[in-house]
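Structural description and commentary
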Amino acid sequence: MHAQLVLYDGFDPLDVIAPFEVLAAGSDRMAAELTVTLVSAEGPRAVTAGTRGLALTATAALDPTKPGWVIVPGASGPIAGDPDDGIQTIPVLLAKAAETELTPLLRNAFEHPQVTVAAVCGGSVIMAMSGLIEGRHAVTHHLGMDLLEAAGVQPVAARVVDDGDLITAGGVTSGLDLALHLLDRWYGPRIAHAVERLFEYERRGTVWRAAGTPPVEA
């Protein structure tokens, strides 16, 4: 089982580090093998985040055929500004990521039944801009929900949205909840609970799924 966390230029550091630590801790607490790796579409390289020039190192190329999870973070940067003036806003960074080799790799990942694609914050916007999740249920940061809807995605205002082989989470800190849900769904609640106790953190909100009795609109 592999957890591949994707780095691209301008990524948000916490979107990567929060699930990385949760999944690494989960791996340490069970006999099942879970390999947690930082990857990029281009292969091994130092990748600069959108926050103060912080860099993380991708140690491998994203392999869309490896069984497990591919986790795409959002971007970090200014919310507003004129791109013509050279301001790399978050929407610009997300659009640039969508124009890289990341998109065909993610498309390939969706085609493999043993791969689940996940996203934190603006990671789902990258997939929406690429036309990969049209008609699917997803969430992103509350400021980007209109971008999902404009791309034909069905936005859901939940902390974590589980749509089968697509699992998305909202704002930056929701990467913790996303990773704990992944551990719970694949390895069970005892592993997830052990990691919660280690980090002294409890998951927030109900994971949304298209199941059960639909609510009546007030």
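The protein chain goes by DJ-1/PfpI family protein in an unreviewed UniProt entry, where it is assigned to Mycobacterium kubicae.

Let's shift gears to the sheet that holds strand β1 (residues 2-7). Strand order in this open sheet of seven strands is β5-β2-β1-β6-β7-β11-β10, and the pairing throughout is mixed. Only two strands of the sheet have a single partner each, and these edge strands are β5 (60-61) and β10 (160-162). In the sheet, strand β7 (residues 115-120) pairs with strand β11 (residues 166-169) via four bridges, with the strands oriented parallel. Within the sheet, the bridge partner assigned to Ala-119 lies in β11 and is Thr-168. Here helix α1 (residues 13-28) sits on the sheet and contacts β1, β2 (35-40), β6 (68-72) and β7; the angle it forms with β1, its principal contact strand, is near 165 degrees. Sheet strands touched by helix α6 (residues 174-187): β6, β7, β10 and β11. Its angle to β11, the strand with the most contacts, is close to 150 degrees.

Another point: the pairing of strand β4 (residues 55-58). Residues of β4 alternate between two faces, with Leu-56 and Ala-58 buried on one and Ala-55 and Thr-57 left unburied on the opposite face. Here strand β3 (residues 45-48) folds back onto β4, and the loop between the two strands holds six residues, one of which, Arg-52, carries a positive phi near 55 degrees.

Now for unusual backbone geometry. Even without glycine at this site, Arg-52 takes up a positive phi of about 55 degrees. Positive phi values are uncommon outside glycine, yet Glu-200 reaches one of about 50 degrees. The residue Glu-200 is located in the segment after α7 (189-199) in this model.

Below, the discussion takes up the packing of aromatic side chains. The geometry of an aromatic ring pair is captured by the separation of the ring centres together with the interplanar angle, meaning the angle of the planes. Inspection of the entire model under this criterion finds two aromatic pairs. Centroid distance Trp-69 to Trp-186: 5.4 Å. Interplanar angle 75 degrees. Geometry classified as edge-to-face. With Trp-69 in strand β6 and Trp-186 in helix α6, this pair connects stretches of sequence that are 117 residues apart. When the centroid spacing of 6.4 Å and the interplanar angle of 85 degrees are considered together, the rings of Trp-69 and Tyr-187 count as edge-to-face. In this pair, Trp-69 sits in strand β6 while Tyr-187 sits in helix α6, placing the two residues 118 residues apart along the sequence. Taken together, the ring pairs in this structure connect Trp-69, Trp-186 and Tyr-187 into an aromatic cluster.

With 68 residues, the main nonpolar core has Leu-23, Ile-71, Met-127, Ile-133 and Leu-183 as its most contacted residues. In this structure, Ile-133 is in contact with Phe-110, Ser-124, Met-127, Ala-128, Ala-138, Val-153 and Leu-166, ignoring residues within four places of it in sequence.

Take the packing of α1 against α6 next. Between α1 and α6, the shortest axis-to-axis distance is 8 Å and the interhelical angle comes to 30 degrees. When the interaxial angle is binned, α1 and α6 end up roughly parallel. When you trace α1 past α6, the crossing you get is right-handed. Every residue of α6 that contacts α1 at Ala-18, Pro-19, Val-22, Leu-23 and Gly-26 is listed here: Gly-175, Leu-176, Ala-179, Leu-180 and Leu-183. When grouped by side-chain class, the residues that make up the contact of α1 with α6 number eight nonpolar, two polar and no charged.

With that settled, the discussion passes to the side chain of Ser-174. The residue Ser-174 is located in helix α6 in this model. A residue is classified by how much of its surface remains accessible, and Ser-174, at 0% relative accessible area, is buried. Apart from the residues within four sequence positions on either side, Ser-174 is in contact with Val-120, Arg-159 and Ala-169.

When the UniProt feature table is mapped onto this chain numbering, "domain: DJ-1/PfpI" (unreviewed entry) sits at residues 101-184. Between the C-alpha atoms that bound residues 101-184 the distance is 31 Å, and the span itself is 39% helix and 20% strand.

Before going further, it helps to spend a moment on the pattern of salt bridges. This model, assessed by the stated rule, comprises eight salt bridges. Close ionic contact of Asp-165 with Arg-136 constitutes a salt bridge, the shortest N to O distance being 2.7 Å. Highlighted residues: Asp-165 in the loop between β10 and β11 and Arg-136 in the loop between α4 (123-129) and β8 (137-138), separated in sequence by 29 residues. The salt bridge partner of Asp-177 is Arg-159, with a shortest N-O separation of 2.9 Å. Taken together, the residues span a long stretch of sequence, with Asp-177 in helix α6 and Arg-159 in the loop between β9 (154-155) and β10 at a distance of 18 residues. Of the two residues examined, Asp-177 and Arg-159, each falls in the buried class. Shared partners join several salt bridges into a network, and the residues in it are Asp-9, Glu-42 and Arg-45.

Reading the values: the criteria
- Residues numbered from 1 in each chain as written.
- Predicted model: local features only at pLDDT ≥ 70, side-chain atom pairs only at ≥ 80, totals over all residues.
- Heavy atoms only, no water.
- Pairing = 2+ DSSP bridges.
- Helix = DSSP H or I, 4+ residues; strand = E, 2+ residues; numbered from the N terminus.
- Contact = heavy atoms within 4.5 Å.
- Axes fitted to C-alpha atoms, helices over the stretch in contact; angles between N-to-C directions.
- Buried < 20%, exposed > 50% of the residue type's maximum accessible area, 1.4 Å probe, protein only.
- Phe/Tyr/Trp six-rings, centres within 6.5 Å; stacked < 30°, edge-to-face > 60°.
- Core = buried A, V, L, I, M, F, W, Y, C linked by side-chain atoms within 4.5 Å.
- Parallel < 35°, antiparallel > 145°, perpendicular 65-115°, else oblique.
- Left-handed = near helix turned anticlockwise from the far one by under 90°.
- Nonpolar A, V, L, I, M, F, W, Y, C, P; charged D, E, K, R; others polar.
- UniProt positions renumbered as here; feature names shortened; annotations may be inferred.
- Salt bridge = Lys/Arg side-chain N within 4 Å of Asp/Glu carboxyl O.

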